[in-house]
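# Topology and contacts: notes
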Amino acid sequence: FVTVMWLLFAFIAVPLIEIALFIQVGGLIGLWPTLAIVLLTAMAGSYLVRSQGARELGRLRQSFSELSDPTEPLANGAMILFAGALLLTPGFFTDACGLALLVPGVRHAVYRWLRARLTVASFQMGGTQRPTKGGTTIDGEFQELNGDLPNQPRSPSGWTRDQ
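Residues numbered from 1 in each chain as written. Predicted model: local features only at pLDDT ≥ 70, side-chain atom pairs only at ≥ 80, totals over all residues. Heavy atoms only, no water.

### Let's talk about the side chain of glutamate 18
Considering the arrangement of structural elements, one finds glutamate 18 in helix 1 (residues 2–29). Buried and without a salt bridge, glutamate 18 has arginine 107 as its closest oppositely charged side chain, separated by 19 Å. Engagement of the side chain of glutamate 18 in a polar contact is seen with the backbone nitrogen of phenylalanine 92, the distance being 2.8 Å. Excluding residues within four positions of it along the chain, glutamate 18 makes contact with Pro90, Gly91, Phe92, Phe93 and Thr94. (Helix = DSSP H or I, 4+ residues; strand = E, 2+ residues; numbered from the N terminus. Buried < 20%, exposed > 50% of the residue type's maximum accessible area, 1.4 Å probe, protein only. Lys, Arg positive; Asp, Glu negative; His and termini not counted. Salt bridge = Lys/Arg side-chain N within 4 Å of Asp/Glu carboxyl O. Polar contact = N/O pair within 3.5 Å; in protein donor to acceptor, adjacent residues only side chain to side chain. Contact = heavy atoms within 4.5 Å.)

Shown next, in the form of structure tokens:
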């Protein structure tokens, strides 16, 4: 119930904050400069999201190849994605929040705050595989034939059984 109340508060408060900021900034600098600022932050934000997202994707791949904990690169990627959504949403408050999430220090602080409050029940890298005696297992199906196949050579090939 508390979570629902926070979401309701956010859905009401954020548009009210955005409207108030649009009115204030538009009154100070005018309509066209206000719209230009909103468009420029969206374009600059999309560039920053793309470059930082690629960097975090590289960190995620590295954590997978080293079999290390991918939690932080995944969380950073999610925060960068959320920052991109905030930057594409028209408004000064959402742009400020989105730009803040693109700062690595802010993301790290948010990650530490979330990590202190969330508990992961289990985490497992990969599946359990038992190595076979020969080192390689090839899974397949076969059908044993009791008759001679037409137009086939009669010499043993290693794949046939001599009777």
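Having put the structure on the table, let's press on.
### What to know about helix 4 (residues 92–101)
Each full turn of the α-helix corresponds to 3.6 residues, which orients residues three or four apart in the same direction. Among the residues making up helix 4, those that are buried are Phe92, Thr94, Asp95, Gly98 and Leu101. Contact partners of the buried residues in helix 4: helix 1, helix 2 (31–65), helix 3 (71–88) and helix 5 (104–117).

### Thoughts on unusual backbone geometry
For leucine 67, which is not a glycine, the phi torsion comes out positive at approximately 55 degrees. For leucine 67, the position within the fold is in the loop between helix 2 and helix 3. Looking at leucine 67, the relative accessible area reads 63%, which means it is exposed.

### Digging into the environment of serine 65
Looking at the secondary structure, you find serine 65 in helix 2. At a separation of 2.9 Å, a polar atom in the side chain of serine 65 contacts the main-chain carbonyl oxygen of glutamine 62.

### Observations concerning the pattern of salt bridges
Pairing is possible between side chains that carry opposite charge, provided their charged atoms lie close to one another. Taken as a whole, this structure holds 2 salt bridges when the rule is applied. In this structure, glutamate 56 and arginine 59 form a salt bridge, with 3.1 Å as the shortest nitrogen-oxygen distance. Here the residue glutamate 56 and the residue arginine 59 both occupy positions in helix 2, the gap between them amounting to 3 residues, near one helical turn. In this structure, glutamate 56 engages arginine 107 in a salt bridge whose closest nitrogen and oxygen atoms are separated by 3.9 Å. Here arginine 107 lies in helix 5 and glutamate 56 lies in helix 2, a separation of 51 residues in the sequence.

### Topic: the nonpolar core
In this structure, Val49, Met79, Ile80, Ala83, Leu86, Leu87, Leu101, Leu102 and Tyr111 together form the largest nonpolar core, which totals 9 residues. Looking at this core, the element that brings in the most residues is helix 3, giving 5 residues. (Core = buried A, V, L, I, M, F, W, Y, C linked by side-chain atoms within 4.5 Å.)

### Some remarks on the packing of aromatic side chains
Under the counting rule described, the total for this entry stands at 2 aromatic pairs. An angle of 90 degrees between the planes, with centres 6.1 Å apart, marks the rings of tryptophan 6 and phenylalanine 9 as edge-to-face. Highlighted residues: tryptophan 6 and phenylalanine 9, both in helix 1, separated by 3 residues, approximately one helical turn. Exposure class is identical for tryptophan 6 and phenylalanine 9. Each is exposed. (Phe/Tyr/Trp six-rings, centres within 6.5 Å; stacked < 30°, edge-to-face > 60°.)

### Quick notes on the side chain of aspartate 95
Structurally, aspartate 95 can be placed in helix 4. For the buried aspartate 95, which has no salt bridge, the nearest side chain bearing the opposite charge is arginine 107, at an N-O separation of 15 Å. Within the local environment of aspartate 95, its side chain forms a polar contact with the side chain of threonine 41, the two groups lying 2.6 Å apart. Those residues within four positions of aspartate 95 in sequence are excluded, and the remaining contacts are Val38, Thr41, Leu86, Leu87 and Thr89.

### Re the packing of helix 3 against helix 5
Here helix 3 crosses helix 5 at 115 degrees, and the two axes come no closer than 10 Å. You can see that helix 3 and helix 5 cross each other, and the crossing is right-handed. For the pair helix 3 and helix 5, the contacting residues are Thr71, Glu72, Ala75, Asn76, Met79 and Ile80 in the first and Arg107, His108, Val110 and Tyr111 in the second. Considering only residue class, the contact of helix 3 with helix 5 consists of 5 nonpolar, 3 polar and 2 charged. (Axes fitted to C-alpha atoms, helices over the stretch in contact; angles between N-to-C directions. Left-handed = near helix turned anticlockwise from the far one by under 90°. Nonpolar A, V, L, I, M, F, W, Y, C, P; charged D, E, K, R; others polar.)

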